[in-house]
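Listed here are the chains, written in short residue letters.
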Amino acid sequence: MKVAVLAGGVGAARFLRGVVAAVDPAGVTAIGNVGDDLEILGLSVSPDLDSVLYALAGRSDEVRGWGRADETWNALESVSELGGDDWFRLGDRDLGLHLVRSEALRRGEPLSAVTARLAAALGVELTLLPATDDRLRTIVETRAGAFSFQEWFVARGHRDEVDRLHFDGADSAAPAPGVLAALDEADVILIAPSNPFVSIGPILAVKAIREALENRRAPAVAVSPLIGGRAVKGPADAMMTRLAGGTAPRQVADCYKGLIDALVIDEADADGAEIPGVRTIVTRTLMDDADGRLRVAEAALEGAAALR
Ligand code: FO1
(Lines give C-alpha, C1' and ligand atoms only; values in the text may rest on other atoms or scores of the structure.)
Protein backbone atom coordinates (compact mmCIF):
# COMPACT_ATOMS: atom_id res chain seq x y z
CA MET A 1 0.00 0.00 0.00
CA LYS A 2 1.22 3.50 -0.85
CA VAL A 3 0.72 6.14 1.83
CA ALA A 4 1.64 9.84 1.59
CA VAL A 5 1.73 11.75 4.88
CA LEU A 6 1.95 15.53 5.34
CA ALA A 7 4.11 15.83 8.43
CA GLY A 8 5.11 18.54 10.90
CA GLY A 9 7.39 17.91 13.88
CA VAL A 10 6.99 15.89 17.05
CA GLY A 11 3.32 14.81 16.70
CA ALA A 12 3.97 13.76 13.11
CA ALA A 13 7.08 11.85 14.09
CA ARG A 14 5.11 9.82 16.64
CA PHE A 15 2.29 9.24 14.16
CA LEU A 16 4.72 8.09 11.46
CA ARG A 17 6.12 5.49 13.86
CA GLY A 18 2.57 4.14 14.07
CA VAL A 19 2.13 4.24 10.29
CA VAL A 20 5.30 2.22 9.64
CA ALA A 21 4.17 -0.29 12.27
CA ALA A 22 0.86 -0.67 10.41
CA VAL A 23 2.08 -0.84 6.79
CA ASP A 24 5.30 -1.63 4.92
CA PRO A 25 7.57 1.46 5.36
CA ALA A 26 8.74 1.02 1.75
CA GLY A 27 5.34 2.36 0.63
CA VAL A 28 5.30 5.36 2.98
CA THR A 29 6.37 8.87 1.91
CA ALA A 30 6.43 11.64 4.50
CA ILE A 31 6.31 15.18 3.13
CA GLY A 32 7.92 17.36 5.77
CA ASN A 33 7.59 20.97 6.89
CA VAL A 34 10.55 23.27 6.23
CA GLY A 35 8.87 26.52 7.33
CA ASP A 36 10.61 26.39 10.71
CA ASP A 37 14.09 25.76 9.27
CA LEU A 38 16.73 28.22 10.37
CA GLU A 39 20.33 29.19 9.85
CA ILE A 40 22.23 29.54 13.11
CA LEU A 41 25.94 29.46 13.99
CA GLY A 42 26.60 29.03 10.26
CA LEU A 43 24.54 25.84 10.19
CA SER A 44 21.34 24.94 8.33
CA VAL A 45 18.89 23.31 10.73
CA SER A 46 15.63 21.60 9.68
CA PRO A 47 13.96 20.80 13.02
CA ASP A 48 10.84 19.08 11.69
CA LEU A 49 12.70 16.86 9.22
CA ASP A 50 15.07 15.98 12.04
CA SER A 51 12.26 15.14 14.47
CA VAL A 52 11.01 12.62 11.91
CA LEU A 53 14.49 11.24 11.20
CA TYR A 54 15.40 10.82 14.87
CA ALA A 55 12.04 9.29 15.81
CA LEU A 56 12.03 6.78 12.95
CA ALA A 57 15.65 5.89 13.71
CA GLY A 58 14.79 5.37 17.40
CA ARG A 59 17.20 8.16 18.38
CA SER A 60 14.83 10.88 19.61
CA ASP A 61 14.63 12.24 23.12
CA GLU A 62 11.11 11.26 24.12
CA VAL A 63 11.02 13.42 27.24
CA ARG A 64 12.33 16.67 25.78
CA GLY A 65 10.29 16.04 22.64
CA TRP A 66 12.96 17.27 20.20
CA GLY A 67 16.59 16.50 19.44
CA ARG A 68 18.52 13.33 20.18
CA ALA A 69 18.51 10.95 23.09
CA ASP A 70 21.70 10.67 25.19
CA GLU A 71 22.55 14.22 24.24
CA THR A 72 25.39 16.26 25.72
CA TRP A 73 25.81 20.02 25.45
CA ASN A 74 29.54 20.72 25.51
CA ALA A 75 29.67 22.63 22.22
CA LEU A 76 26.71 24.79 23.27
CA GLU A 77 28.41 25.59 26.59
CA SER A 78 31.42 26.75 24.63
CA VAL A 79 29.23 28.85 22.35
CA SER A 80 27.63 30.48 25.44
CA GLU A 81 30.97 31.13 27.05
CA LEU A 82 32.21 32.78 23.88
CA GLY A 83 29.14 34.98 23.53
CA GLY A 84 27.67 33.11 20.54
CA ASP A 85 24.02 32.45 19.70
CA ASP A 86 22.90 29.93 22.32
CA TRP A 87 19.14 30.52 22.43
CA PHE A 88 18.49 27.66 20.01
CA ARG A 89 19.96 24.67 21.77
CA LEU A 90 21.97 22.41 19.51
CA GLY A 91 23.33 19.35 21.30
CA ASP A 92 26.66 17.70 20.49
CA ARG A 93 25.16 14.66 18.75
CA ASP A 94 22.59 16.76 16.91
CA LEU A 95 25.39 19.07 15.72
CA GLY A 96 26.93 16.22 13.76
CA LEU A 97 23.84 16.01 11.56
CA HIS A 98 23.75 19.78 11.04
CA LEU A 99 27.42 19.79 10.02
CA VAL A 100 26.80 17.13 7.37
CA ARG A 101 23.63 18.80 6.05
CA SER A 102 25.12 22.30 6.03
CA GLU A 103 28.23 21.23 4.16
CA ALA A 104 26.12 19.42 1.55
CA LEU A 105 23.79 22.39 1.05
CA ARG A 106 26.79 24.73 0.69
CA ARG A 107 28.13 22.40 -2.04
CA GLY A 108 24.80 22.81 -3.84
CA GLU A 109 23.20 19.49 -2.96
CA PRO A 110 19.40 19.93 -2.74
CA LEU A 111 17.78 19.52 0.69
CA SER A 112 15.80 16.51 -0.60
CA ALA A 113 18.99 14.71 -1.67
CA VAL A 114 20.85 15.30 1.58
CA THR A 115 17.73 14.32 3.57
CA ALA A 116 17.59 11.02 1.67
CA ARG A 117 21.27 10.38 2.49
CA LEU A 118 20.74 11.17 6.17
CA ALA A 119 17.68 8.90 6.30
CA ALA A 120 19.58 6.04 4.70
CA ALA A 121 22.55 6.51 7.04
CA LEU A 122 20.21 6.42 10.06
CA GLY A 123 18.42 3.30 8.76
CA VAL A 124 15.11 5.10 8.22
CA GLU A 125 13.03 2.97 5.89
CA LEU A 126 10.26 5.33 4.84
CA THR A 127 10.90 8.05 2.26
CA LEU A 128 11.24 11.50 3.84
CA LEU A 129 10.93 14.44 1.45
CA PRO A 130 11.02 18.12 2.35
CA ALA A 131 7.92 19.84 0.93
CA THR A 132 10.27 21.95 -1.19
CA ASP A 133 13.98 22.31 -1.90
CA ASP A 134 13.44 26.05 -2.23
CA ARG A 135 13.73 28.49 0.64
CA LEU A 136 10.37 28.73 2.43
CA ARG A 137 10.14 30.30 5.88
CA THR A 138 7.22 30.76 8.27
CA ILE A 139 6.93 34.35 9.50
CA VAL A 140 4.76 34.95 12.58
CA GLU A 141 3.12 38.36 12.73
CA THR A 142 2.32 39.65 16.22
CA ARG A 143 1.70 43.02 17.89
CA ALA A 144 5.33 42.98 18.98
CA GLY A 145 6.50 42.58 15.37
CA ALA A 146 7.10 39.90 12.75
CA PHE A 147 9.38 37.04 13.75
CA SER A 148 10.85 34.00 12.09
CA PHE A 149 9.17 30.85 13.44
CA GLN A 150 11.99 29.85 15.78
CA GLU A 151 12.46 33.40 17.10
CA TRP A 152 8.76 33.40 18.02
CA PHE A 153 8.59 29.79 19.21
CA VAL A 154 11.86 29.28 21.05
CA ALA A 155 13.48 32.67 21.70
CA ARG A 156 10.20 34.36 22.72
CA GLY A 157 8.55 31.18 24.09
CA HIS A 158 5.51 31.60 21.74
CA ARG A 159 4.05 34.09 24.22
CA ASP A 160 3.04 36.71 21.61
CA GLU A 161 -0.46 36.20 20.25
CA VAL A 162 -0.40 35.50 16.54
CA ASP A 163 -2.30 37.91 14.30
CA ARG A 164 -1.28 36.38 11.00
CA LEU A 165 1.22 34.08 9.39
CA HIS A 166 2.91 34.29 6.08
CA PHE A 167 5.29 31.99 4.31
CA ASP A 168 8.27 33.75 2.76
CA GLY A 169 9.22 32.17 -0.53
CA ALA A 170 6.05 30.10 -0.87
CA ASP A 171 4.88 31.88 -4.03
CA SER A 172 7.84 30.66 -6.03
CA ALA A 173 8.52 27.39 -4.15
CA ALA A 174 8.24 24.21 -6.21
CA PRO A 175 7.50 20.83 -4.63
CA ALA A 176 10.67 18.81 -4.03
CA PRO A 177 11.27 15.96 -6.49
CA GLY A 178 8.97 13.05 -5.70
CA VAL A 179 6.37 15.02 -3.73
CA LEU A 180 3.72 15.30 -6.45
CA ALA A 181 4.31 11.71 -7.59
CA ALA A 182 3.87 10.48 -4.00
CA LEU A 183 0.56 12.33 -3.69
CA ASP A 184 -0.59 11.20 -7.12
CA GLU A 185 0.32 7.53 -6.62
CA ALA A 186 -0.88 7.28 -3.01
CA ASP A 187 -3.68 4.90 -2.08
CA VAL A 188 -4.20 7.03 1.02
CA ILE A 189 -3.18 10.60 1.90
CA LEU A 190 -2.82 11.37 5.60
CA ILE A 191 -2.30 14.66 7.42
CA ALA A 192 -0.45 13.99 10.66
CA PRO A 193 -1.61 15.38 14.04
CA SER A 194 0.46 18.53 13.65
CA ASN A 195 -0.35 22.21 14.12
CA PRO A 196 -2.51 23.11 11.08
CA PHE A 197 -1.12 26.66 10.94
CA VAL A 198 2.61 26.40 11.49
CA SER A 199 3.36 22.75 10.70
CA ILE A 200 0.98 21.78 7.87
CA GLY A 201 0.30 25.35 6.69
CA PRO A 202 3.79 25.83 5.22
CA ILE A 203 3.48 22.56 3.26
CA LEU A 204 0.10 23.58 1.84
CA ALA A 205 1.52 27.02 1.03
CA VAL A 206 3.36 25.35 -1.86
CA LYS A 207 0.72 25.93 -4.51
CA ALA A 208 1.24 22.70 -6.45
CA ILE A 209 0.98 20.63 -3.24
CA ARG A 210 -2.31 22.28 -2.26
CA GLU A 211 -3.61 21.71 -5.80
CA ALA A 212 -2.55 18.06 -5.66
CA LEU A 213 -4.66 17.64 -2.51
CA GLU A 214 -7.58 19.55 -4.01
CA ASN A 215 -7.50 17.26 -7.07
CA ARG A 216 -6.66 14.06 -5.15
CA ARG A 217 -7.69 10.65 -6.39
CA ALA A 218 -7.04 8.94 -3.05
CA PRO A 219 -9.03 9.58 0.13
CA ALA A 220 -7.40 12.09 2.48
CA VAL A 221 -7.66 11.75 6.26
CA ALA A 222 -6.35 14.28 8.78
CA VAL A 223 -5.69 13.52 12.45
CA SER A 224 -6.62 16.32 14.83
CA PRO A 225 -3.72 17.45 17.03
CA LEU A 226 -6.16 18.40 19.83
CA ILE A 227 -7.47 16.28 22.69
CA GLY A 228 -10.43 17.75 24.55
CA GLY A 229 -9.76 20.98 22.67
CA ARG A 230 -6.20 21.18 24.04
CA ALA A 231 -2.85 20.64 22.40
CA VAL A 232 -0.77 17.80 23.85
CA LYS A 233 2.17 20.21 23.62
CA GLY A 234 2.76 23.59 22.03
CA PRO A 235 0.57 26.46 20.89
CA ALA A 236 -1.90 24.69 18.54
CA ASP A 237 -4.92 25.28 20.81
CA ALA A 238 -4.16 28.97 21.36
CA MET A 239 -3.63 29.44 17.62
CA MET A 240 -6.85 27.58 16.78
CA THR A 241 -8.79 29.78 19.20
CA ARG A 242 -7.38 32.99 17.79
CA LEU A 243 -7.07 32.17 14.09
CA ALA A 244 -9.80 29.55 13.51
CA GLY A 245 -12.36 30.77 16.07
CA GLY A 246 -12.23 27.70 18.32
CA THR A 247 -10.85 24.27 19.02
CA ALA A 248 -13.75 22.01 18.03
CA PRO A 249 -13.25 19.28 15.40
CA ARG A 250 -15.21 21.37 12.92
CA GLN A 251 -12.69 24.18 13.21
CA VAL A 252 -9.80 21.74 12.74
CA ALA A 253 -11.54 20.38 9.62
CA ASP A 254 -12.06 23.96 8.38
CA CYS A 255 -8.28 24.43 8.34
CA TYR A 256 -8.26 21.73 5.65
CA LYS A 257 -11.37 22.80 3.74
CA GLY A 258 -11.63 20.95 0.42
CA LEU A 259 -8.52 18.94 1.23
CA ILE A 260 -9.79 16.10 3.45
CA ASP A 261 -12.54 13.49 3.42
CA ALA A 262 -12.29 12.41 7.06
CA LEU A 263 -10.92 13.64 10.39
CA VAL A 264 -9.70 11.41 13.21
CA ILE A 265 -10.66 12.94 16.55
CA ASP A 266 -10.26 11.97 20.17
CA GLU A 267 -13.10 10.46 22.22
CA ALA A 268 -12.97 13.60 24.36
CA ASP A 269 -14.00 15.70 21.34
CA ALA A 270 -16.67 13.36 19.99
CA ASP A 271 -19.80 14.97 21.44
CA GLY A 272 -21.78 16.61 18.63
CA ALA A 273 -18.80 16.49 16.30
CA GLU A 274 -20.82 16.59 13.08
CA ILE A 275 -18.83 18.10 10.22
CA PRO A 276 -20.66 18.62 6.92
CA GLY A 277 -18.85 16.76 4.13
CA VAL A 278 -16.20 15.29 6.42
CA ARG A 279 -16.54 11.90 8.10
CA THR A 280 -15.32 11.78 11.72
CA ILE A 281 -13.42 8.79 13.08
CA VAL A 282 -13.33 8.60 16.86
CA THR A 283 -10.55 6.91 18.81
CA ARG A 284 -8.14 7.68 21.63
CA THR A 285 -5.51 9.85 19.91
CA LEU A 286 -2.86 10.13 22.64
CA MET A 287 0.31 8.52 21.26
CA ASP A 288 2.37 8.04 24.41
CA ASP A 289 3.40 4.46 23.61
CA ALA A 290 3.65 2.00 20.71
CA ASP A 291 0.05 0.81 21.17
CA GLY A 292 -1.22 4.39 21.04
CA ARG A 293 0.80 5.20 17.92
CA LEU A 294 -0.47 2.08 16.14
CA ARG A 295 -4.07 2.72 17.23
CA VAL A 296 -4.08 6.23 15.75
CA ALA A 297 -2.36 5.15 12.53
CA GLU A 298 -4.79 2.26 12.07
CA ALA A 299 -7.79 4.49 12.73
CA ALA A 300 -6.63 6.86 9.99
CA LEU A 301 -5.78 4.07 7.54
CA GLU A 302 -9.02 2.15 8.17
CA GLY A 303 -10.97 5.40 7.90
CA ALA A 304 -9.39 5.99 4.50
CA ALA A 305 -10.04 2.40 3.38
CA ALA A 306 -13.73 2.84 4.22
CA LEU A 307 -13.82 5.86 1.90
CA ARG A 308 -12.25 4.14 -1.12
N1 FO1 B 1 12.78 23.65 20.87
C2 FO1 B 1 12.88 24.42 21.96
O3 FO1 B 1 11.87 24.69 22.60
N4 FO1 B 1 14.10 24.96 22.36
C5 FO1 B 1 15.24 24.71 21.67
O6 FO1 B 1 16.30 25.20 22.05
C7 FO1 B 1 15.16 23.85 20.53
C8 FO1 B 1 16.29 23.48 19.82
C9 FO1 B 1 16.17 22.55 18.76
C10 FO1 B 1 17.32 22.10 18.10
C11 FO1 B 1 17.21 21.18 17.06
C12 FO1 B 1 15.94 20.71 16.70
O13 FO1 B 1 15.84 19.82 15.70
C14 FO1 B 1 14.80 21.14 17.34
C15 FO1 B 1 14.89 22.07 18.38
N16 FO1 B 1 13.78 22.50 19.07
C17 FO1 B 1 13.90 23.33 20.16
C18 FO1 B 1 12.44 22.08 18.65
C19 FO1 B 1 11.84 22.98 17.55
O20 FO1 B 1 11.97 24.33 17.80
C21 FO1 B 1 10.32 22.76 17.42
O22 FO1 B 1 9.85 21.66 18.10
C23 FO1 B 1 9.87 22.61 16.01
O24 FO1 B 1 10.45 23.50 15.14
C25 FO1 B 1 8.35 22.71 15.91
O26 FO1 B 1 7.92 21.56 15.31
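Residues numbered from 1 in each chain as written. Predicted model: local features only at pLDDT ≥ 70, side-chain atom pairs only at ≥ 80, totals over all residues. Heavy atoms only, no water.

Visitor: Account for the layout of surface pockets, with residues named and values stated.
Guide: Approximately 1,100 Å³ is the volume attributed to the largest pocket. Around the largest pocket, the lining is made up of 50 residues, and of these Gly 9, Val 10, Gly 11, Gly 65 and Phe 153 lie nearest the centre. Contributions of two or more residues to the lining of the largest pocket are made by α1 (10-22), α2 (47-56), α4 (92-106), α6 (149-155), α8 (196-204) and β11 (226-227). A per-element tally of the lining of the largest pocket places α2 first, with 5 residues. Here the residues of the lining of the largest pocket sort into 26 nonpolar, 16 polar and 8 charged. What the second largest pocket holds in volume is close to 190 Å³. What lines the second largest pocket is a set of 15 residues, and nearest its centre among them are Asp 37, Glu 39, Leu 105, Leu 111 and Arg 137. (1 Å grid on protein atoms, 1.4 Å probe; cavity = no way out; pocket = protein on both sides within 12 Å on 5 of 7 lines; lining within 4 Å. Points joined across faces, edges and corners; volume = space filled by probe spheres on them. Helix = DSSP H or I, 4+ residues; strand = E, 2+ residues; numbered from the N terminus. Nonpolar A, V, L, I, M, F, W, Y, C, P; charged D, E, K, R; others polar.)

Visitor: So what about α8? Which residues, and what values?
Guide: In terms of burial, α8 is largely enclosed, as 9 of its 9 residues are buried. N-cap assignment for α8: the residue whose side-chain oxygen lies 2.8 Å from the backbone N of Phe 197 is Asn 195. (Buried < 20%, exposed > 50% of the residue type's maximum accessible area, 1.4 Å probe, protein only. Polar contact = N/O pair within 3.5 Å; in protein donor to acceptor, adjacent residues only side chain to side chain.)

Visitor: Explain the site of the ligand to me, and be specific about the residues and the numbers.
Guide: Within the structure, the ligand sits among 14 residues, and Asp 36, Asp 48, Phe 88, Arg 89 and Gln 150 are positioned closest to it. Arg 89 has a polar backbone atom sitting 2.9 Å from an oxygen atom of the ligand. The contact in question runs from an oxygen atom of the ligand to an N or O atom on the side chain of Gln 150, over 2.8 Å. Within the complex, the protein chains bury 87% of what would otherwise be the 530 Å² of accessible surface of the ligand. The cavity that encloses the ligand is the largest pocket. Ranked by residues supplied to the shell around the ligand, first place goes to α6 with 4 residues. Tallied by class, the residues present in the shell around the ligand amount to 8 nonpolar, 2 polar and 4 charged. (Near = heavy atom within 4 Å. Areas by Shrake-Rupley, 256 points an atom, 1.4 Å probe, with all protein chains shown as cover. Sits in = over half its atoms within 2 Å of the grid points.)

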